[in-house]
Protein chains: 4
Amino acid sequence: MRALVFNGPGEKSWAEVDEPTIIDATDAIVRVDLTTVCGSDLHILRGDVPEVSAGRILGHEAVGTVTAIGAGVRRVAVGERVLVSCISSCGACEYCRLSRYGQCVGGGGWILGHLINGTQAEFVRVPFADTSTYAIPEGVSDEEMLMIADILPTGYEVGVLLGTVHPGDVVVVIGAGPVGLAAIATAALLSPETIIAIDRDDKRLAVAAEFGADLTVNNSTIDPLAFVMEHSGGQGAHVVIEAVGLVETFELATTLVRPVGHVANIGVHGSPASLHLETLWHRDVTITTGLVDTFSTPTLIRLVASDQLEAKAFITHRFSMNDMLDAYDAFEHAGDSGALKVVIAATPQ
Amino acid sequence: MRALVFNGPGEKSWAEVDEPTIIDATDAIVRVDLTTVCGSDLHILRGDVPEVSAGRILGHEAVGTVTAIGAGVRRVAVGERVLVSCISSCGACEYCRLSRYGQCVGGGGWILGHLINGTQAEFVRVPFADTSTYAIPEGVSDEEMLMIADILPTGYEVGVLLGTVHPGDVVVVIGAGPVGLAAIATAALLSPETIIAIDRDDKRLAVAAEFGADLTVNNSTIDPLAFVMEHSGGQGAHVVIEAVGLVETFELATTLVRPVGHVANIGVHGSPASLHLETLWHRDVTITTGLVDTFSTPTLIRLVASDQLEAKAFITHRFSMNDMLDAYDAFEHAGDSGALKVVIAATPQ
Amino acid sequence: MRALVFNGPGEKSWAEVDEPTIIDATDAIVRVDLTTVCGSDLHILRGDVPEVSAGRILGHEAVGTVTAIGAGVRRVAVGERVLVSCISSCGACEYCRLSRYGQCVGGGGWILGHLINGTQAEFVRVPFADTSTYAIPEGVSDEEMLMIADILPTGYEVGVLLGTVHPGDVVVVIGAGPVGLAAIATAALLSPETIIAIDRDDKRLAVAAEFGADLTVNNSTIDPLAFVMEHSGGQGAHVVIEAVGLVETFELATTLVRPVGHVANIGVHGSPASLHLETLWHRDVTITTGLVDTFSTPTLIRLVASDQLEAKAFITHRFSMNDMLDAYDAFEHAGDSGALKVVIAATPQ
Amino acid sequence: MRALVFNGPGEKSWAEVDEPTIIDATDAIVRVDLTTVCGSDLHILRGDVPEVSAGRILGHEAVGTVTAIGAGVRRVAVGERVLVSCISSCGACEYCRLSRYGQCVGGGGWILGHLINGTQAEFVRVPFADTSTYAIPEGVSDEEMLMIADILPTGYEVGVLLGTVHPGDVVVVIGAGPVGLAAIATAALLSPETIIAIDRDDKRLAVAAEFGADLTVNNSTIDPLAFVMEHSGGQGAHVVIEAVGLVETFELATTLVRPVGHVANIGVHGSPASLHLETLWHRDVTITTGLVDTFSTPTLIRLVASDQLEAKAFITHRFSMNDMLDAYDAFEHAGDSGALKVVIAATPQ
């Protein structure tokens, strides 16, 4: 079969490789109908994720059709169409039992396209199929479903739920890339008073407004602290969601939050930030970090099915698998292409 | 009357000053029967708390007798004996309505011995008397009650409750000074599996064991990370409570916590710490800061009354008010004196 | 002044009475600009609330202007325009400290138009003015504000919050009267998958659909259990809100709820219901009751100000105070008049 | 092999039956080393549980040794010693994903000795072995472990956790049988101010005091309402746990609870109770029901291992499997025998 193979930092190819087969009794093999590219694929390609070895097939999001199952699989049948989640869950370890599948110590967690071969391929082996795939219900299209593989639960769980957004809150989202937009769209589900998006790019801020931001701030020209204070009765935001992953945006987040408020970090960071405990120690602030767990997948599916969440709005480009490298190119140069999420469909035979 | 007056950095006196009088209708005047010294009094004396002006009477903990009340006071009567809490609460602002009295924006918060005159005096004016004092019930001695003015709610609320200690948890408390001991004693109320105390002083660790620590680590000789991992199945602590206030102890706390765990900072910090987001971003860690709110005061009173919390164990020294400077001396040189909390009683007339 | 006086069961008059004066230092006197009638006023008139004595001025909802304050009032000034909440809060008792003002044991709770004179009058004495009134912010009209005096917090707190509505839930509201509609409108803030309204009156169900019900069931012709099961994957509703107050509607609620679900009772009941423990004991069901606390008032004000909650939609009729008896008449015969909430404005002098 | 077989209402035998074999890939076969009898076994024998068919092997609690596993079992190996929990969990259905294994709709829940053959036998087939068994750690004896199969998680989860016991609370437990005692013992983990046990049998009340009840009330001679009010400042209990299963004890529970308090029903009920909504509707009371989920099993194991919970105290009698009928006899006539839990050990070969 064909697959997108990581050949070491800076090197990738759309190459011919062996098809996967069942290894463990809890595995399924899924023929990939749709997949996509994520920011962490770019991180891997830049060499920032050293645990990914050369030869690895990338990708951790897919919608597809089950072609084989192991002897221990009970809830998934051959021929069924499923969402392959970015997080695999053994379902039995202490973290999975707490619904914290992202922290799975039983062999799951973020493994696809990372520690084992991933979804940017014609077929993928999915471990723990019973607890790591989701049936596609009536009323949800494959493309919508694909947006629930990673980006929507990431924004919702790590940003909105860990940040504890409540009706009537002032919510700030720093970073209007795909994950920041997912945080904005899912924060809106909880009816905050105001969602303020902060970014350095006016085009992205215009998109943020379409996704539900009530106010937008370009922090290359406007002081975000003064702006947030003005729009929060001088108290600061109830919830600040960091969706960039830079030292300065994290530190900004901790200045924008009110006493008793929450800073929810979604950003993938490569260096330590300064935590200004000399001003924060007495302010009753909560700071959370997190990898997506995907426990909210069934909820998000229902919300997309009932038209409360517009999953399709994230999709800006569509490719066939044979144009996988073009899909990467569009996603990598989002500044020019305006790409949010690119959908890559199996090439018809 | 006599009072302990801050005369600018490094300068204090036991001086004759005017007695306080009712200013607002919600005030009470309390004759101080018992007071004590807190670490933050020492911070003020070192000049670390610039908002405290020269001439200020220090102290924010007292047990006493009401001698006058304003026209708007309903729940407190002249002649009643009360605990004066370290935190005043207006009872009506948005933070008080959330039980976050420490963040009061209606004129309360930590004001006694800070922004207005305090309790290390023969008399003290207590604003918002209805919501800032607590009746002394049968079965609780004045000395026990005094321990509920600050130290016990600080350890319990900012350490144990914000840290979310649960039965069966592994809990680490860094720092075995009075506040760390209060965190240990109140963490034990929730039956964790193991409480591990970390400090650099073997004498303090011996005291920590008496207060309920199951294991103690002197981190000048033993690697605390290896120790905690060994005693937590290699996962780290569910809850780490920082009760020192130094950069290195805060950073240590963030290495000892397991995925999905909590770091609760109680320490008063003067400088920023490094937050290692490059390792923490995906570990689902929650970090909290906080000033005590004293919402748990009624609970703590019931627990002392029912002998589930040994408030008296914190008291190591007793002085008369006329020996106020000796009391400060003993508390300041705790390393030599072994002082935890010093009780200072009104000098009999 | 003029006021609506309860003269014993079945008897009321719009009568000349003495103007109220300050009694306690924490009182304010408010000139009533707008008031309204509530279902509990009708209960009183029917003689169902024996603690209300003849001569009592009814009414517990108002928007008005402060004309006098006691010596202990700090946050409210003469001339300010305020919402008078249906619940008075002493701000200091153990229940007020938990934000459970409806259970106040310090002299508050539901007292206006119940244990003391109420708001259906030209002036009203408001005890605990600092903690029982709310400033009217820019962007919220008096009429909108009046809807926050009782009906919106009742639906939101007792129905939606105690019922723990979450995004993606199936929510059933039994009873499409004013309080049921308030529960529907505020449940929608939390983006449930489906809101199902149940009532015996098609006109009311049509109104429920306008307030946000996705599906409506007339249970005089359709089996509500079969309907709810069909629209919840055979599991039942996550949350059932009872907003009628009859034995049969409460018992219906307990049959519609899924395992691990919640039944939130808002209805005012006069007799015991059967609780079918023989089927419920093993189903992990939570049942809550509650009087409104009004802790959500600031949140609801922000949501109305930001146009996320259409408070005005409840208002169907407007009267002048001199036509108070007509207002009662319209409200009492809602079946004919279609009345939801009637606004009664001070008669211009 | 030999097993305790239900032969229809009133009929049981210690009979020779076929040994179980692996049916599903996720099964394990466990050789039973220890088992016990539960109140629900007696219910079945009385014919109160019609879904149990004649020929069924009873029992849902065991400690044993794995003798075979299916192809899909990953976490359990042949030769390992395990606790067999009373609740089986598929680990993948919507309820298991919420840790509500007792409500499992994927084939688990309470099935052992109920819908499939149980543990009162020499061997038992355990479905979903990965998520329905627990390794026996060092420091916990087999007998202690057996107490965690049902009774301890039932008291803790359904009574203490659903009832939300907090430090400083007044807690009432109605019924001092084995489950009520488990509620008392695990409530004590959370340091309530007072635990009050209510029963009609002085001998059982004496045992309750040993398990941690601070006060005991024989409600055949003392009015429990007056007693509880006297010991709760006239407010009633924060938490009332019903551990009997009769109409009158449930109704008693709802009178003993304070405003904003919780009634947690553990009792197995056969008939409806009256819920006095005419007095409860405005009191902010929460009532919960529940079947044990056993999500707390790992926590309880740690608490027993660290000597914070005395699991052994429940064991009053010991039998060999060949005396299974005598074990039933002792348990059934607990009034005479004083039996709490009887331990039944495999007969040495």
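Residues numbered from 1 in each chain as written. Chains lettered and ligands numbered in written order. Predicted model: local features only at pLDDT ≥ 70, side-chain atom pairs only at ≥ 80, totals over all residues. Heavy atoms only, no water.

1. Examining the overall build of chain A
The helix and strand inventory of chain A stands at 12 helices and 16 strands. Along the first, second and third principal axes, the C-alpha atoms of chain A reach 60 × 40 × 40 Å. Considering only intrachain contacts with a sequence separation of at least 6, the fraction spanning at least 24 residues in chain A is 69%. Carbon and sulfur atoms make up 51% of the accessible area of chain A, which amounts to about 11700 Å² in all. The positive charge centre, built from 20 side chains, and the negative charge centre, built from 43, are 4 Å apart in chain A. (Helix = DSSP H or I, 4+ residues; strand = E, 2+ residues; numbered from the N terminus. Contact = heavy atoms within 4.5 Å. Areas by Shrake-Rupley, 256 points an atom, 1.4 Å probe, with all protein chains shown as cover. Lys, Arg positive; Asp, Glu negative; His and termini not counted. Charge placed at Lys NZ, Arg CZ, Asp CG, Glu CD.)

2. As for the relation of the copies chain A and chain B
Here chain A sits on chain B after a turn of 180° about the axis and a move of 0.0 Å along it, with an RMSD of 0.0 Å. Taken together, the rotation and translation describe the operation of a two-fold axis. In this assembly the copies share their binding face: 100% of the residues contributing to the interface of chain A also contribute to that of chain B. (Least-squares fit on C-alpha atoms with pLDDT ≥ 70 in both.)

3. Some thoughts on the pattern of salt bridges
Per the stated rule, a full pass over the model turns up 52 salt bridges over all chains. Close ionic contact of D33(B) with R31(B) constitutes a salt bridge, the shortest N to O distance being 3.9 Å. The exposure class of D33(B) is buried, given its relative accessible area of 16%. Relative accessible area serves as the criterion here: at 36%, R31(B) is assigned to the partly exposed category. A salt bridge links E143(C) to R318(C); its shortest N-O distance comes to 2.8 Å. Of the two residues, E143(C) sits in helix α3 (residues 142–146) while R318(C) sits in strand β15 (residues 315–320), which places them 175 residues apart along the sequence. Here the residues in one salt-bridge network are R31(A), D33(A), R81(A) and D142(A), joined through shared partners. (Salt bridge = Lys/Arg side-chain N within 4 Å of Asp/Glu carboxyl O. Buried < 20%, exposed > 50% of the residue type's maximum accessible area, 1.4 Å probe, protein only.)

4. Here's the deal with the sheet that holds strand β8 (residues 170–174) of chain A
To summarise the sheet geometry, strands pair through backbone hydrogen bonds and adopt either a parallel or an antiparallel arrangement. The 12 strands are arranged β10(A)-β9(A)-β8(A)-β11(A)-β12(A)-β14(A)-β14(B)-β12(B)-β11(B)-β8(B)-β9(B)-β10(B) in an open sheet whose pairing can be described as mixed. In the strand order of this sheet, the two ends are held by β10 (215–218) of chain A together with β10 (215–218) of chain B, each with one partner. Each strand of the sheet is rotated relative to its neighbour by a mean of 15°, with strand direction disregarded. Note that β8(A) and strand β11 (residues 237–242) of chain A share four bridges and pair parallel. The partner of I174(A) across the bridge, within β11(A), is E242(A). (Pairing = 2+ DSSP bridges. Axes fitted to C-alpha atoms, helices over the stretch in contact; angles between N-to-C directions.)

5. Some details on the pairing of strand β6 (residues 123–126) of chain C
All names here are of chain C. Neither face of β6 is exposed, since F123 and R125 on one face and V124 and V126 on the opposite face are all buried. For strand β3 (residues 28–36) and β6, the ladder comprises four bridges, and the chain directions are antiparallel. Bridge assignment links I29 to a residue of β6, and that residue is R125.

6. Looking at the side chain of T26(D)
If you trace the backbone, T26(D) turns up in the loop between β2 (12–16) and β3 (28–35). Exposure remark for T26(D): the relative accessible area of 14% places this residue in the buried category. Beyond its immediate stretch of four places on either side in the chain, T26(D) contacts G72(A), R74(A), V73(D), V126(D), P127(D), F128(D) and A129(D).

7. Structural notes on the interface of chain A and chain B
Of the residues lining the interface, 36 residues belong to chain A; the matching set on chain B comes to 36 residues. Here chain A meets chain B over a buried area of about 3200 Å², counting both sides, of which 57% is carbon and sulfur. As a salt-bridge pair, R258(A) and E94(B) come within 3.1 Å of each other at their nearest N and O atoms. Here chain A and chain B share 23 residue pairs in polar contact (both at pLDDT 80 or more) between them. Mapped onto the side of chain A that touches chain B, the elements with two or more residues apiece are β12 (257–265), β13 (273–275), α9 (277–280) and β14 (286–288) of chain A. The element contributing the most residues to the side of chain A that touches chain B is β12(A), with four residues. For the side of chain A that touches chain B, a count of residues per class yields 15 nonpolar, 14 polar and seven charged. (Buried area = accessible area lost by both parts, 1.4 Å probe. Polar contact = N/O pair within 3.5 Å; in protein donor to acceptor, adjacent residues only side chain to side chain. Nonpolar A, V, L, I, M, F, W, Y, C, P; charged D, E, K, R; others polar.)

8. Structural notes on empty space enclosed by the protein
Scanning the model with the defined rule gives one cavity of 30 Å³ or more in all. Roughly 50 Å³ of volume is contained in the largest cavity. Lining the largest cavity are G91(B), C96(B), R97(B), S99(B), Y101(B), G91(C), C96(C), R97(C), S99(C) and Y101(C). When its residues are assigned to classes, the lining of the largest cavity shows four nonpolar, four polar and two charged. (1 Å grid on protein atoms, 1.4 Å probe; cavity = no way out; pocket = protein on both sides within 12 Å on 5 of 7 lines; lining within 4 Å. Points joined across faces, edges and corners; volume = space filled by probe spheres on them.)

9. Digging into unusual backbone geometry
Of note, D284(B) is a non-glycine position whose phi angle comes to about 60°, a positive value. Residue classification places D284(B) among the buried positions, given a relative accessible area of 2%.

10. Focus on the interface of chain D and chain B
Listed by partner, the interface residues are 14 residues for chain D and 14 residues for chain B. With both sides pooled, the region where chain D packs onto chain B buries about 1200 Å², and carbon together with sulfur makes up 52% of that total. Broken down residue by residue, the surface that chain D buries against chain B is led by P167(D), E193(D) and R302(D), which jointly contribute 39%. Per element, the largest residue contribution to the side of chain D that touches chain B is three residues, and it comes from helix α10 (residues 297–305) of chain D.

11. Concerning helix α11 (residues 324–332) of chain C
Every buried residue belonging to α11(C) is among M324(C), A327(C), Y328(C), A330(C) and F331(C), and all of these are buried. The buried residues of α11(C) all sit within an arc of 165° when viewed along its axis, so they share a single face. (Arc of directions from axis to C-beta.)

12. A look at the packing of aromatic side chains
Using the criterion set out here, one finds four aromatic pairs over all chains in the structure. Ring geometry for F211(A) and F314(A): centres 4.7 Å apart, planes at 50°, overall tilted. In this pair, F211(A) is assigned in helix α6 (residues 202–211) and F314(A) in the loop between α10 (297–305) and β15 (315–320), connecting sequence segments 103 residues apart. Judged by its relative accessible area of 12%, F211(A) is buried. Here the basic side chain of R97(A) rests over the ring of Y101(D), its NZ or CZ set 4.0 Å away from the ring centre. (Phe/Tyr/Trp six-rings, centres within 6.5 Å; stacked < 30°, edge-to-face > 60°. Lys NZ or Arg CZ within 6 Å of the ring centre and 35° of its normal.)

13. Brief notes about the pairing of β10(B)
Residues and elements named next belong to chain B. Pairing between strand β9 (residues 194–199) and β10: four bridges, direction parallel. When the sheet's bridge partners are listed, D199 is paired in β10 with N218. For the handedness criterion, the β-α-β arrangement of β9, helix α6 (residues 202–211) and β10 is classed as right-handed. (Right-handed = clockwise from strand over helix to strand, strands pointing away.)

14. Brief notes about the sheet that holds strand β10 (residues 215–218) of chain C
Taken together, the 12 strands give an open sheet; going across it, the order is β10(C)-β9(C)-β8(C)-β11(C)-β12(C)-β14(C)-β14(D)-β12(D)-β11(D)-β8(D)-β9(D)-β10(D), and neighbouring strands pair in mixed fashion. The sheet terminates laterally at β10 of chain C together with β10 (215–218) of chain D, the two strands that pair on one side only. Across this sheet, the average inter-strand angle for adjacent strands is 15°, counted without regard to direction. Note: strand β12 (residues 257–265) of chain C against strand β14 (residues 286–288) of chain C, three bridges, orientation parallel. From the neighbouring strand, A264(C) faces β14(C), where its bridge partner is T288(C). Taken strand by strand, helix α8 (residues 247–256) of chain D contacts β8 (170–174), β9 (194–199), β11 (237–242), β12 (257–265) and β14 (286–288) of chain D, and its axis lies near 155° from that of β12(D).

15. Description of the confidence of the model for chain A
Residue-level pLDDT values for chain A average 97, and 100% of them are 70 or greater. Model confidence for the complex is summarised by a pTM of 0.97, with the ipTM given as 0.97. (pLDDT = per-residue confidence, 0-100.)

16. What about the packing of helix α5 (residues 178–187) of chain C against helix α6 (residues 202–211) of chain C?
Residue and element names in this part refer to chain C. Direction vectors running N to C along α5 and α6 enclose 25°, while the axes themselves pass 9 Å from each other. Comparing their axes, α6 and α5 come out roughly parallel. The element α5 and its partner α6 pack so that their crossing is right-handed. Where α5 abuts α6, its residues L181, I184 and A185 lie against V207, A208 and F211. A breakdown of the residues in the contact of α5 with α6 according to their chemical character gives six nonpolar, no polar and no charged. (Parallel < 35°, antiparallel > 145°, perpendicular 65-115°, else oblique. Left-handed = near helix turned anticlockwise from the far one by under 90°.)

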